[in-house]
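So you can see what is in the structure, the chains are spelled out below.
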Protein chains: 2
Amino acid sequence: MIVNTEEILTRLQDALERDDFDAAIHMLEVLRGPDQAKLFAELDDEEQVELLPKLDLSDSADILEDLDDPEAAKLASSLPLETIARIVDEMEPDKAADLLGDLTPQQAQAVLSRLDDPEEVRPLMIHPDDSAGGLMTSEFLALRPLMTAQEAVEALRRWNPDSEDIYYLFVVDQEKKLCGVVNLRSLILAAPNTLVQELMDPDVISVRAGIDQEECARTMTHYDLAAIPVVDELGHLMGVITYDDIVDVLEDEATEDIYHLANVSNSDLDPESSTAEQIKGRLPWLYLNSLTSLFAAWVISNFEQVIAQAAVLALFQSVVAGQGGNTASQNVAMAVRALALGKISPRSFVRILVRQFFVGLLLGMSVGTVVAVGVYLWRGNLYLSLVLGLALVGNLSLGSLVGVLVPLGLQSFNIDPALASSVLVTAATDSMGFFIFLSLASHFLQYLH
Amino acid sequence: MIVNTEEILTRLQDALERDDFDAAIHMLEVLRGPDQAKLFAELDDEEQVELLPKLDLSDSADILEDLDDPEAAKLASSLPLETIARIVDEMEPDKAADLLGDLTPQQAQAVLSRLDDPEEVRPLMIHPDDSAGGLMTSEFLALRPLMTAQEAVEALRRWNPDSEDIYYLFVVDQEKKLCGVVNLRSLILAAPNTLVQELMDPDVISVRAGIDQEECARTMTHYDLAAIPVVDELGHLMGVITYDDIVDVLEDEATEDIYHLANVSNSDLDPESSTAEQIKGRLPWLYLNSLTSLFAAWVISNFEQVIAQAAVLALFQSVVAGQGGNTASQNVAMAVRALALGKISPRSFVRILVRQFFVGLLLGMSVGTVVAVGVYLWRGNLYLSLVLGLALVGNLSLGSLVGVLVPLGLQSFNIDPALASSVLVTAATDSMGFFIFLSLASHFLQYLH
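Parameters and conventions
Residues numbered from 1 in each chain as written. Chains lettered and ligands numbered in written order. Predicted model: local features only at pLDDT ≥ 70, side-chain atom pairs only at ≥ 80, totals over all residues. Helix = DSSP H or I, 4+ residues; strand = E, 2+ residues; numbered from the N terminus. Rg over C-alpha atoms; globule rule 2.2 N^0.38 Å. Buried ≥ 20, exposed ≤ 12 C-beta atoms within 10 Å, placed from the backbone. Contact = placed C-beta atoms within 7 Å. Nonpolar A, V, L, I, M, F, W, Y, C, P; charged D, E, K, R; others polar. Least-squares fit on C-alpha atoms with pLDDT ≥ 70 in both. Pairing = 2+ DSSP bridges. Axes fitted to C-alpha atoms, helices over the stretch in contact; angles between N-to-C directions. Domains from an automatic or database assignment. pLDDT = per-residue confidence, 0-100. Expected span 1.5 Å × (residues − 1). Core = buried A, V, L, I, M, F, W, Y, C linked by C-beta atoms within 7 Å. Left-handed = near helix turned anticlockwise from the far one by under 90°. Parallel < 35°, antiparallel > 145°, perpendicular 65-115°, else oblique.

S.K.: Teacher, can you tell me more about the overall build of chain A here?
M.R.: Of the regular secondary structure elements, chain A holds 22 helices and six strands. The C-alpha radius of gyration computed for chain A amounts to 30 Å, which surpasses the reference 22 Å derived for 449 residues by more than 25%, pointing to a less compact arrangement than a globule. Each principal axis of the C-alpha distribution contributes one length, and for chain A these read about 90 × 60 × 40 Å. Here chain A holds 449 residues, and the buried ones make up 48% of them. Across chain A, contacts joining residues at least 24 apart in sequence account for 70% of those joining residues at least 6 apart.

So, in structure tokens, the structure goes:
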């Protein structure tokens, strides 16, 4: 169970208000790292800047590792360089590289030059944050095939990593190329003079440093790996990614998809984000949608005379457009998720399109019938009901088709299907819906009054 | 990198067509477990039923563990009971319990009675699939505090679990109550006669068997745990959950949220699901939306005379409704995700509502101004533009408010905010949008012709 930090927060803020830092530090120190970070994140900026340097270095490092990236960078850049450097020394190298990457190049350089072991961090900084190289830590222990189990244990004893959790040990040959993996259990159970090459599994799954973090996450989850080695083009072991980094990636990718589907372009936003950031992440999409909805208005304008003669059409045009949009959105969600989880393959595209057209047709007939009957009972006009029912059948069939065509199409051009699908699909179902309904209606205009 | 199974599939199907099972089995056997399952899932039902019993038992077990739950259950129930029992014997107990839970009670009972060790699986079947108890495996090694490191290693040697990956070892007292955790590294490095109680960390995080899988996943990700022990009300150790189960939970929960936001109620659906299942998971939502859109039509019907006099209103009413809906959906997505990730606390609700009203106001003014100017340039009617602009300001402010009020409100009644928010919010923004725009317009009717 996650510790409830709400009540501690009040007491912590009280202590800070009285400048009773000893009490504040004590309240934090009894908590576990992630809880410290959660509590710390709730404090005001000034309180954070004042408190962090007073904490134990390893606690400060844990907190900076666990804070959201922008927040950690903001906090770090408010501290004296010497203080940041001492804290960064205690951080896991991959997290340290992420933090330095979020500072200005000048600040990062200044901190790097003050680190105890800058070479543990510097090489990690060249990799983009969202690549396998950006996720990996350079802090790993590489065994050699001809070591004995006892020598491996000795190496493990001498090695003193910042993180205690080790899941597998990797083995490299003379050229430092990855050649095997040993799990800790088999090392424990081995006779002391067993060679590492007898313990290791040579069939080791690895990723290249340049691949995208999402692909890396998929590989680890597909093979249920708690850690994966990262190699360069020639197969040299460069680092290790552990499952906790991957969980963050999966969460981030899911958030990104959910946000993109809802037309929010910055997945760091939440309901408490600053007003300026929210406007920036949301307004462009609303403008884009305004454009497409004005196009839909233009479609309607071609039928202005029809509506003037039968204003009742204005009541139901949105039902047709909206239900087409809903059907399409269902398909977009399913397609985006199936693509993200690698559940559909390119060669099934045609089969999917055909199936979804028929699914849409059936949904359209079901919805069309019920709505037509309902509207007949309400308005008593058979022609109106018929036009509405037929338009729903048409728009739901096409909507369903468009709802898979657009995301699959975007994906095949390597465009993130979550990002653009919603706008395109809504534009299509709105315009098609208005057009189908109003042009059908204009044929039966004399019966609609 | 994940093995590309597409090309192997063609060869595999060829082999099966020629009834060349040896070749087919060989093609599968050279692959890793998850790849075998991926490839296997692509085969027709009859091919699966024919092939599975011919495979090595442990390969068959891996495949059944990795297939989607419904697919695994369908396959298993087509096999002879004796065959399923032999395969289930090789499965991890938590996966075996899941599989048996998806069979009919008669089938499950019949398989259980044929297992080598039914008591490893039976107790797991009483827990709901989506609780911590449903995720845990009963296959764990519990150490005792007064064991020496050497005795612990001996116990580890005698223990022969179906899964090789062990991340931590848990320690229980005489009453089998959980009292500590030992990581493998410290066991490797310990002197043989060190007591387990000296090696263990007594501050061990655990979850109760009854808690929801999502809360369990949050606890593990919050504390970066590769495994978490499950205890009963009295603290007795009952099982262990490993991170790979949690990754699945996180993926499932994200899929569920994405689907619910798009009004798809069955998150097992994908674009290739059977037509009947899709209709079942999608049609109820379309009916519900039809109802709300007919309510919106009724709102418009109160202004039918107004529209009859100024048909131009029918062009722009949907712009107001739609943009309010888009703004609200942005808020829903942010709120649902922030709630899922535990990023907002109940005490910030009022602050969020106030902020979101102002964000909506600003978005409304920005969108309203641009759309009003655009429509003025198009139609040349200042009053129309003004009414449209003001209606946009109103509907976007209210839409933004509703977009957080609804999910936060649902959450505080313990209703899944993703499930119902979309429908409620769209119903509100449509009806409000039409009402605001058309009632404003009716005041300026004489200027709108």
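There's plenty left to go through after this.
S.K.: Which parts of the structure should I look at to understand the interface of chain A and chain B?
M.R.: By a widespread convention, an interface's size corresponds to the accessible area lost as its parts come together. Between chain A and chain B, the residue contacts involve 102 residues of the former and 102 residues of the latter. Of the residues assigned to the side of chain A that touches chain B, the class counts are 58 nonpolar, 25 polar and 19 charged.

S.K.: When you look at the relation of the copies chain A and chain B in this model, what are you seeing that I'm missing?
M.R.: There are two copies of the chain, and a rotation about an axis plus a shift along that axis relates them. Note on the identical chains: chain A maps onto chain B by a rotation of 180 degrees and an axial translation of 0.0 Å, with an RMSD of 0.1 Å. Both copies of the chain, as the preceding transformation shows, are related through a two-fold rotation axis. In this assembly the copies share their binding face: 100% of the residues contributing to the interface of chain A also contribute to that of chain B.

S.K.: Could you clarify how one ought to interpret the sheet that holds strand E6 (residues 237-242) of chain B in this entry?
M.R.: Pairing between the strands of a sheet is mediated by backbone hydrogen bonds and can be parallel or antiparallel. All names here are of chain B. The strand order across the open sheet formed by three strands is E4-E5-E6, and the pairing between neighbours is mixed. In the strand order of this sheet, the two ends are held by strand E4 (207-208) and E6, each with one partner. Judged from the five bridges that link them, strand E5 (residues 227-231) and E6 form a sheet pairing that is antiparallel. Pairing of valine 230 across the sheet is with glycine 239, part of E6. Packing against the sheet, helix H16 (residues 243-261) makes contact with E5 and E6, and its axis sits at approximately 65 degrees to E6.

S.K.: Just checking my understanding: could you explain the domain arrangement of chain A for this structure?
M.R.: If you check the domain split of chain A, you get domain 1 (6-126), domain 2 (142-250) and domain 3 (275-447). Here the C-alpha centre of domain 3 of chain A lies 49 Å away from the C-alpha centre of domain 1 of chain A.

S.K.: Is there a simple way to think about the environment of alanine 314 of chain B in this case?
M.R.: Residue position: alanine 314 of chain B is located in helix H19 (residues 313-340). We classify alanine 314 of chain B as buried; it has 28 C-beta atoms within 10 Å. Taking the C-alpha atoms as reference, alanine 314 of chain B lies 25 Å from glycine 403 of chain B; in sequence the two are 89 residues apart. Excluding anything up to four places from it in sequence, alanine 314 of chain B contacts Ile300, Ile307 and Ala314 of chain A together with Ile307 of chain B.

S.K.: Please clarify how the pairing of strand E5 (residues 227-231) of chain A should be interpreted in this entry.
M.R.: It is a general feature of regular strands that their side chains alternate between the two faces of the sheet. Residues and elements named next belong to chain A. Of all the five residues making up E5, five are buried; the element is thus mostly covered by neighbouring parts of the structure. Side chains of E5 alternate between two faces, with Ala227, Pro229 and Val231 and Ile228 and Val230 buried alike. Pairing of strand E4 (residues 207-208) with E5, which is carried by two bridges, proceeds in the parallel orientation. Within E5, the position partnered with arginine 208 by the bridge is valine 231. Hairpin connection from E5 to strand E6 (residues 237-242): five residues lie between these consecutive antiparallel strands, with glycine 235 at a positive phi of about 90 degrees.

S.K.: Explain the confidence of the model for chain A here, please?
M.R.: Low-confidence regions, as indicated by low pLDDT, have predicted coordinates that should not be scrutinised in detail. Across chain A, the average pLDDT comes to 91, with 99% of residues at 70 or higher. On the interface metric, ipTM, the complex scores 0.83, and its pTM is 0.83.

S.K.: How do you make sense of helix H20 (residues 349-379) of chain A when you look at a structure like this?
M.R.: All names here are of chain A. Between the first and last C-alpha of H20 there are 42 Å, a value that for 31 residues agrees with the 45 Å anticipated at 1.5 Å per step. Residues Ile352, Gln356, Val359, Gly360, Leu362, Leu363, Gly364, Val367, Gly368, Val371, Ala372 and Val375 constitute the buried set of H20. Among the residues trailing H20, glycine 380 stands out with phi positive, at a value near 70 degrees.

S.K.: Where do I start with the sheet that holds strand E1 (residues 142-143) of chain B in this structure?
M.R.: All names here are of chain B. Strand order in this open sheet of three strands is E1-E2-E3, and the pairing throughout is mixed. Of all the strands in the sheet, the pair left with one neighbour each is E1 and strand E3 (178-183). Bridge count for E1 against strand E2 (residues 168-172) is two bridges, and the pairing is parallel. If you follow leucine 143 over to E2, its bridge partner there is valine 171.

S.K.: Sorry, what's going on with the nonpolar core here?
M.R.: What tends to happen in soluble globular proteins is that the nonpolar side chains get buried as a cluster. Counting residues in hydrophobic clusters, the biggest one holds 221 residues, and the most contacted among them are Phe170, Val182, Ile241 and Leu388 of chain A together with Val182, Ile241 and Leu388 of chain B. If near-sequence neighbours (up to four positions away) are discounted, isoleucine 241 of chain B is found in contact with Ala132, Leu135, Met136, Cys216, Ala227, Ile228, Val230 and Ile246 of chain B.

S.K.: Which parts of the structure should I look at to understand unusual backbone geometry?
M.R.: Only a minority of non-glycine residues have a phi that is not negative, and only a minority of peptide bonds are not trans. Residues and elements named next belong to chain A. In this structure, aspartate 19 is a non-glycine residue whose phi angle is positive, near 60 degrees. The exposure class assigned to aspartate 19 is exposed, which follows from the 10 C-beta atoms found within 10 Å. At lysine 176, a residue that is not glycine, the phi angle is positive and equals roughly 65 degrees. Tracing the backbone shows lysine 176 in the loop between strand E2 (168-172) and strand E3 (178-183).

S.K.: Where do I start with the packing of helix H17 (residues 275-301) of chain A against helix H20 (residues 349-379) of chain B in this structure?
M.R.: Packing of H17 of chain A against H20 of chain B leaves a shortest axis separation of 10 Å and a crossing angle of 35 degrees. Crossing handedness for the pair H17 of chain A and H20 of chain B: right-handed. Of the residues in H20 of chain B, those touching H17 of chain A at Thr275, Gln278, Ile279, Arg282, Leu283, Leu286, Tyr287, Ser290 and Leu294 of chain A are Arg355, Phe358, Val359, Leu362, Leu363, Ser366, Val367, Val370, Val371 and Gly374 of chain B. Split into classes, the residues belonging to the contact of H17 of chain A with H20 of chain B amount to twelve nonpolar, five polar and two charged.

S.K.: Would you mind showing me how to read the packing of H20 of chain A against helix H21 (residues 382-412) of chain A here?
M.R.: The angle between the axes and the distance between the axes are what describe a pair of packed helices. Residue and element names in this part refer to chain A. Between H20 and H21, the least distance of the axes is 7 Å, while the angle of their chain directions is 155 degrees. Viewed along their axes, H20 and H21 adopt a mutual orientation that is roughly antiparallel. As H20 runs across H21, the sense of the crossing is right-handed. Taken together, the residues of the contact of H20 with H21 break down into 25 nonpolar, ten polar and one charged.

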